[in-house]
Amino acid sequence: MDTDKMECEAETNEDSDSSLDDEDNELQEQELTNKVTESPYEYENHVKLIKFLKESGELEKLRDARNAMAQIFPLTEELWLEWVQDEIKLASTEDEKKAVLELLDRAVSDYLSISLWLEYCQFTIGGIGTEAGLAKARDTYERAVSVAGLHVTRGSLIWDSYRVFENAILQSLQPQIGAVQTSEEQTKLEEQEKRIESLFKRQLSTPLLTMEETYLEFQEFLTDGVAKEITDDYNKALCQLKAYHKYEIALNKAEAPRLAEYENYIRALQSKGDIRRLQCIYERALVENCLNASLWQAYTKAMDEDYRVNHEKELKDNENVFYRYHQPLEAREEMMTDVESLQKPERGSVDKEKNQNDCQSLLNIHKRAVRNCPWSASLWIGYLRAMERLKQPHTDILGVCEEAILAGFSSSNEYLDFWTAWLNYLKRRIQWKSTATVALQEFRDTVQRAIDFMNQYFGGQGDSLYTLQKYWAKVEMHYNNNLDFGREQWNTILTETENGYKAQYWLEYYQLELKYGDLETCREVLLQAVDMETDTPQQICETLLNFEREYGSLNSFEESNSKVQVILEAEEKHRLKAAKRAEKKMAKSGGGKFWQNKSKADDEGIDQTDYKRRGKEDYKQKERSGDKRDQSKWKKPDNRGEGRKEFHNKDIEKRKKQEKKKQPEKKNGKAEETKREPMKRKAETESEVSAKHAKVDGDGFVVPSFPVSASLKSPSKAAQKPQAASQETEEAISGNKDSEMDEGVQKDTISYRDDLTVFVKNLSYNISEEKIRSAFDMCGEITEIRMKVGNKSKFRGYCYVEFKDKESVEKALKRDRYEIDGRPIYVDPSVDKSKGDQKTTKQFKYDTSLDKKKLFVSGLPRSTTKEDLEKMFSKYGVVKDVRIVTYRSGVPKGLAFIEFEKESEASSAVLGADGTVIGEHTVSVAISNPPTRKPQAGTAKESAAPPVSLGAKGISGPRGKSRTQIALVPRAVKRPQPNKPKSIDKTETMETDATEKADASVKAKLTNADFAKMLLKK
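Just so you know, these numbers come straight off a predicted model, no measurement behind them.

Caption draft 1: Spatial organisation of the environment of Y510. As for its position among the elements, Y510 is in helix α24 (residues 503-516). Sequence separation between Y510 and T543 is 33 residues, and the spatial gap between their C-alpha atoms is 9.5 Å. Setting aside residues no more than four positions away along its own chain, Y510 makes contact with C522, V525, L526, T543 and F547.

What follows is the structure, given as C-alpha cells:
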C-alpha cells in the first residue's frame, strides 16, 4: 500500500516538473517570437528561434519560422540542408514530395552549393520508376553540371554522381543470363552506352581536379582505344587546369572571405573570355562575400554584357522600333505613316527556349544581388534596366521600383540616382502619338512624387541642383512641345530659390530656350539675367552681345551694347579703385602685405562681393516674410556705377561719424593732449626704407627709388626720419586699437588664463557649442567656450575651451585627433604669440625615422576601415596598432600605417600583402621610412638666413620671395663703398658677382669694325 502511494507521488512530481518545463519553454518561445516580430531584419533572432523550435519539436511553427526568415534573408548552405533533410524525412505523399522539390529549387537559387545540388539530384532519383520521373532526374543533373560542374575542386562530385546514376540504368538494361534480347532492348542499351560515353567526353573536356582518374575510368569503359579528338580535348583541359592551379592553391591557403584571391582569379578568367567559368568563380566568391555590393555589381555587369553580346541582333531590332515611336512632335508626323505596319522583330537563329532560360538566369542574378545588398542603389538601378531590357511586365517593374524606394539607401544622392533611372524608364515607355496618353500622365505623377519625396526627407539638400525639375522641363519641351510648362518650371527654379543669383542657371535656361523656344524669349531671359546681380556678370554680358550679333538687329545690338558697357565699366572702375587704394596703403605702410589685414582693406572700399551679398540678404529677408518677388522686383538700375557710388558715399559718412567718436574729448575748447613716449625703432634694411618712402604714379603703381650712398645723405634729414617713422608707427598702432574698440572688444579689460585653456581647431563650420561641450565634458568642468567668428558672423572652425583646473587641461590635450562629425579635431595648448611664448610649439606626434616593425600601406580604397586592415594583416602576426591617414575633413587619403609586435611579422606582411588588389585599387606595402621633414617656420635654420636686396637672384628677403628677380639698381649708381670691411657676407658676394658679370657682358660687345676684322682675318 505504501509502495503504491510512493509511486503515485513520484508520477505526480514528474507531471508537475514537466508542466513547469512546458511553461518555461512557452515563455522562451514567446520571448524569441516577440524579438523577431519587433526586429524582423535582425538575423540572429531568426536563427535562435529556429534552433529553439527544432529542439522543442514544433514542426508547423518551425516551418513558419523558416519561411519567414527565407522571405527576408538568403539562407546559408547549413540552414538549407537542415531544412531540406527534415522535410525529406517527412515526405510520403506525392504532394509532400512536390513541396520538397519546390523547396530544393529555392535552396539552390540562393548560393552555389555542391552539397545542395547532390541532395537535389539524389531526391529526384527516387522517382525514376516512371518516364516523367526519369526525365526529371536527368534534367536536374543537367542543371547541376551546368551550374556546379565547373567547380575546379568539387565539380567532379556532380559529374561522378551523374555517371553512377546512368551506369545504374545501364545495368538495369543488361539482359539476364540465357535471355534473348529484342531489337528494341538492344537499341536502348546502345543509346545508354552512348549517353555514358558522352558524359565522359564532357567531363574530360572540363578542367577538374580529378581528371587523371576519370581518364583511366574512361579507358576501362571503352572496349577499343580512346579517340584522338577526345585525347586532344583532355590534354587541352589539363593545360587549363595547370593554369588555374596557382589560383586554387592561393584560395586553399587563405582564410575566408578570401576576397583578394578571388579577385585575382576573376581577372585571370576575364582575360580569357570564358563566361561560364567566370560565372562559377563569381558564385564561389559570393558564398563568402555575399554582403559585398561592389562584387555583386561587377558580377551583374559581366552577365549583362554577355547577354548583350549573345543577343545583339534582337536588341538592335528593339532599338530601331524604339526610335520609331520616340521622336519629337515635328519629326513624328513624317515617320508614323508606316508605324502600324511594323512587325515584331524576328529572333533570328536564337532559340526561343534558350532565350527564355538566359533571361530567367540573368533576372535571378539581379534579384539575388538586391536581396543580399538592398542598400545599394546601383544594384537596384541595374535590376530595373535588366527588367526593361528583357521586356518584363510593367507591373512587375513598378513593384521592383516600389521595393527599392523602401530599401533604405545611405544618402540622398543614391535616392536621386534611382528616381532618375525610374523616370528614364517611364519616359522610354511613352509612345508620343498624343499628349494625353496614360504613360505620359504616369511619368508626370512620378516626377512630382520624386520631387515631393526628396523635399520631405532631405529638404533643400536632397536635390540642390534641381535635377528632377530641369529634367521634367526638358522632356516636356523636347518631346511634347510644351514650352509653357517648361518655362513655368524654370521660373520656379530661378525665383523661389537663390539660383537667380547664379549665372550658370540663367545660361542653362537660355540654351534650352534657344533650342526649343523662340528668340524673343531668349532675349528676355538674357536681359533679365543682366539685371540680376549674378556671380559672373561678365559671362552673362558676353552671351547677350553674342546673341544680338547673331540674331538681333542693329538697334537691339546697340541698345544691349550700351547697357552692357555701363555695367562692365562700373565693375572695372570699382575693381581699379579698390586696387589703387590697396597699392597706396601698401606703399604707405612700408610695402607690407595688405591682404594680411583684410578687414581694414574692406573699410577703405566696398568690395563687389559685399554688394552682391546685400542683394542676397534682401532676398532672404523677403523670403522669410513670405514676399513672393515678381519679375519686376528683380530688375536693378541700368547704371550700376551710380548705385555703387551712392552706397560707397553712405559707407564713408558712416566711418567719419565713427572717427569723430574716437577723437579725444575737448577741455575748454582745446583738445586734451596726450603724451606719447617716443618709440624705439629697429634698424631698417635699405629695401624697407626705399619701399616706405616710395612715390606713387597716377595709375597707382609704386615708383622704385634708387638707394643713396650713406655719405651723400643729409644728416639733418636722416635724423628726422626716425622720428617721423615713429609717429607713423604710433598712429598705426592707435588706429588698430581704435578699430578693436569699435568692435566692442577691450583687450585691456579681458584676461584669459592660457594655462587653463586649450586651442581646438579643424572643427566643422556648422558645429554647435553644445556638441563641443559634450566632447570635453569628461575632461572636467568647463568655464567658457569661445567660438571664433568671421566678418559674416560665421564660425571659422576653431575655438578656445577654458577649464577650471589644470588637470582638466591635461585630459583635454589627450583628446587630440578625436573625431567629431567625422572630422579629426586638433587640440593644442593655448599660446599667446604676442608675448613670444613659443615654448609649447606642437611637435609631430609620430616617429619619422626607420621603423622595421611598422608598415606604410598606400593605394587603399577610401572606404577601407580600421577593421578591414586588421583582418587583412592579422594573418601575418599580432597587429599592435592601425592608423588611417585622413585629411582635415576626416576623409581618408588611402594611406595607413600598420604596426606589428615583431620585425619578422612585418617582413612577412610586406611579402604577402604587397600588390594585393582590392576592387580597382592595387595596394602597396613597404617598411615605414618617412622622408626627412622640412624645418618649421621660425626655427633657427630659417631665421639665420640674412635678408637680401631685390637684385639678388634666387634669394628670398624678409617678406619671402620677391615678385621679381631682376636687379632694378643701375650699375652706374651701385658703386663699392669707400671703407668696405674685409668680411663679405654671402649676399654681397652674389651682388658683386652679378655686377661683374653684367660689366663683362657690356665689355664683350663688338662693333661693326670688329666684326669686319674678324671676317678678314685668315
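Caption draft 2: How the structure looks around the nonpolar core. Counting residues in each nonpolar core, the largest one holds 128 residues, and the members touching the most others are W80, Y265, W380, F418, W419, W422 and F443. A total of nine residues in this core trace back to one element, the largest contributor, which is helix α20 (residues 412-429). If we skip the residues at most four places from it in the chain, W80 touches A70, L75, L103, R106, A107, D110 and L116. With 28 residues, the next largest nonpolar core counts Y505, Y509, Y516 and I540 among its residues.

Caption draft 3: A look at the confidence of the model for the protein chain. Predicted confidence across the protein chain gives a mean pLDDT of 75, with 68% of residues reaching 70 or more. With pLDDT under 50 throughout, residues 661-749 is counted as low confidence; its partners more than four residues away or in other chains account for 62 contacts.

Caption draft 4: Structural view of the environment of L850. Looking at where L850 falls in the secondary structure, it is placed in the loop between β10 (826-829) and β11 (851-858). In this structure, the C-alpha to C-alpha distance between L850 and I927, residues 77 residues apart in sequence, is 7.9 Å. Those residues in contact with L850 that lie beyond four places of it in its chain are I927, S928 and N929.

Caption draft 5: Representation of the packing of helix α2 (residues 43-56) against helix α3 (residues 59-72) within the structure. Direction vectors running N to C along α2 and α3 enclose 160 degrees, while the axes themselves pass 9 Å from each other. Between α2 and α3, the crossing angle belongs to the class labelled roughly antiparallel. Here α2 runs over α3; the crossing is left-handed. Of the residues in α3, those in contact with Y43, H46, V47, L49, I50, L53 and K54 of α2 are K61, L62, A65, R66, M69 and I72.

Caption draft 6: Broad picture of the pattern of salt bridges. Inspection of every chain in the model, using the stated rule, returns 38 salt bridges. For the salt bridge of E142 with R202, the shortest nitrogen-to-oxygen distance reads 3.1 Å. Residue E142 is found in helix α7 (residues 131-147), and its partner R202 is found in helix α9 (residues 183-204); the two are separated by 60 residues along the sequence. When its relative accessible area of 30% is taken as the criterion, R202 is described as partly exposed. The shortest N-O distance in the salt bridge between R428 and E388 comes to 2.7 Å. Highlighted residues: R428 in helix α20 and E388 in helix α18 (residues 377-389), separated in sequence by 40 residues. What emerges from the salt-bridge pattern is a single network uniting K54, R66, E82 and D86.

Caption draft 7: Expanded view of a negative patch on the surface. Taken together, the side chains of E23, D24, E26 and E58 present a region of like negative charge at the surface. Among the secondary structure elements, E58 is positioned in the loop between α2 and α3.

Caption draft 8: Looking closely at the sheet that holds strand β6 (residues 782-789). A sheet is described by the order of its strands in space; here four strands give the open sequence β6-β7-β5-β10, paired in antiparallel fashion. Here the strands that pair on one side only, and so sit at the sheet edges, are β6 and β10. The mean angle between the axes of side-by-side strands here comes to 25 degrees, regardless of whether they run parallel or antiparallel. As judged from the six bridges shared by β6 and strand β7 (residues 795-803), these two strands associate in the antiparallel manner. Paired with V789 across the two strands is F795, which belongs to β7. Taken strand by strand, helix α34 (residues 769-776) contacts β5 (757-761), β6, β7 and β10, and its axis lies near 135 degrees from that of β6.

Caption draft 9: Expanded view of the sheet that holds strand β16 (residues 924-928). Strand order in the open sheet formed by four strands is β12-β13-β11-β16, and the pairing between neighbours is antiparallel. Each edge of the open sheet carries a strand with a single partner, namely β12 (879-886) and β16. Ignoring strand direction, the axes of neighbouring strands in this sheet form an average angle of 25 degrees. As paired elements, β12 and strand β13 (residues 892-900) share seven bridges and run antiparallel to each other. Across the sheet, residue V879 finds its bridge partner in β13, namely F900. In this fold helix α36 (residues 866-873) packs onto β11, β12, β13 and β16, with an angle of close to 135 degrees to the strand it touches most, β12.

Caption draft 10: Summary view of the side chain of S830. Note that S830 resides in the loop between β10 and β11. Judged by relative accessible area, which is 9%, S830 ranks as buried. Within the local environment of S830, its side chain forms a polar contact with the side chain of D754, the two groups lying 3.2 Å apart.

Caption draft 11: Structural detail: helix α12 (residues 259-272). Over its 14 residues, α12 extends 20 Å from the first C-alpha to the last, a length consistent with the 20 Å expected when each residue adds 1.5 Å. Contact partners of the buried residues in α12: α11 (228-253), α13 (275-288), α14 (293-310) and β14 (917-918). Trailing α12 by a residue or two, G273 shows a phi angle of about 80 degrees, which is positive.

Caption draft 12: Examining the pairing of β7 more closely. By the bridge criterion, four bridges tie β5 to β7 in an arrangement that is antiparallel. Following the sheet pairing, F759 is matched in β7 by Y800. Linking two consecutive strands that pair antiparallel, namely β6 and β7, is a turn of five residues; a positive phi of about 60 degrees is found at S793 within it.

Caption draft 13: Molecular detail of the packing of α24 against helix α25 (residues 519-531). Following both chains from N to C, one finds α24 and α25 inclined at 170 degrees, their axes separated by 9 Å at the closest point. Between α24 and α25, the interaxial angle falls into the category roughly antiparallel. Here W506, Y509, Y510, E513 and L514 of α24 come into contact with α25, specifically with L519, T521, C522, V525, L526, Q528 and A529. Tallied by class, the residues present in the contact of α24 with α25 amount to nine nonpolar, two polar and one charged.

Caption draft 14: Summary view of helix α27 (residues 554-588). Between the first and last C-alpha of α27 there are 50 Å, a value that for 35 residues agrees with the 51 Å anticipated at 1.5 Å per step. Residues S556, S560, K563, V564, I567, A570, E571, H574, A582, M586 and A587 constitute the buried set of α27.

Caption draft 15: Representation of unusual backbone geometry. Cis peptide bonds are those with omega within 30 degrees of zero, and the linkage from A256 to P257 qualifies with 15 degrees. By secondary structure assignment, the location of P257 is in the loop between α11 and α12. Positive phi, normally seen in glycine, also occurs at R258, with a value near 55 degrees. Tracing the chain through its elements places R258 in the loop between α11 and α12.

Caption draft 16: Main features of the packing of aromatic side chains. Following the criterion strictly, the structure yields 32 aromatic pairs and no others. Between F443 and Y471, the aromatic rings sit 6.3 Å apart at their centres with planes inclined by 65 degrees, giving edge-to-face as the arrangement. Residue F443 is found in helix α21 (residues 438-458), and its partner Y471 is found in helix α22 (residues 467-478); the two are separated by 28 residues along the sequence. Per residue, the accessibility class of F443 equals that of Y471, and both read buried. When the ring of F873 is compared with that of Y876, the centres are 6.4 Å apart and the planes differ by 55 degrees; the resulting orientation is tilted.

Caption draft 17: Geometry of the pairing of β5. Counting buried positions over the five residues of β5 gives four, a clear majority of the element. Where β5 meets β10, four bridges bridge the pair, whose relative direction is antiparallel. Paired with V760 across the two strands is V827, which belongs to β10.

Caption draft 18: Representation of the side chain of R284 in the model. On the secondary structure map, R284 appears in helix α13. On the accessibility criterion, R284 (8% relative accessible area) is buried. At 3.0 Å, the side chain of R284 and the side chain of E248 are in polar contact. Not counting the four nearest positions on each side in its chain, R284 is found in contact with L112, H151, V152, T153, E248, L251, Y262 and Y265.

Calculation criteria
Residues numbered from 1 in each chain as written. Predicted model: local features only at pLDDT ≥ 70, side-chain atom pairs only at ≥ 80, totals over all residues. Heavy atoms only, no water. Helix = DSSP H or I, 4+ residues; strand = E, 2+ residues; numbered from the N terminus. Contact = heavy atoms within 4.5 Å. Core = buried A, V, L, I, M, F, W, Y, C linked by side-chain atoms within 4.5 Å. Buried < 20%, exposed > 50% of the residue type's maximum accessible area, 1.4 Å probe, protein only. pLDDT = per-residue confidence, 0-100. Axes fitted to C-alpha atoms, helices over the stretch in contact; angles between N-to-C directions. Parallel < 35°, antiparallel > 145°, perpendicular 65-115°, else oblique. Left-handed = near helix turned anticlockwise from the far one by under 90°. Salt bridge = Lys/Arg side-chain N within 4 Å of Asp/Glu carboxyl O. Patch = residues over 30% accessible without salt bridge, like charges linked within 9 Å, V, L, I, M, F, W, Y side chains within 5 Å. Areas by Shrake-Rupley, 256 points an atom, 1.4 Å probe, with all protein chains shown as cover. Lys, Arg positive; Asp, Glu negative; His and termini not counted. Charge placed at Lys NZ, Arg CZ, Asp CG, Glu CD. Pairing = 2+ DSSP bridges. Polar contact = N/O pair within 3.5 Å; in protein donor to acceptor, adjacent residues only side chain to side chain. Expected span 1.5 Å × (residues − 1). Nonpolar A, V, L, I, M, F, W, Y, C, P; charged D, E, K, R; others polar. Phe/Tyr/Trp six-rings, centres within 6.5 Å; stacked < 30°, edge-to-face > 60°.

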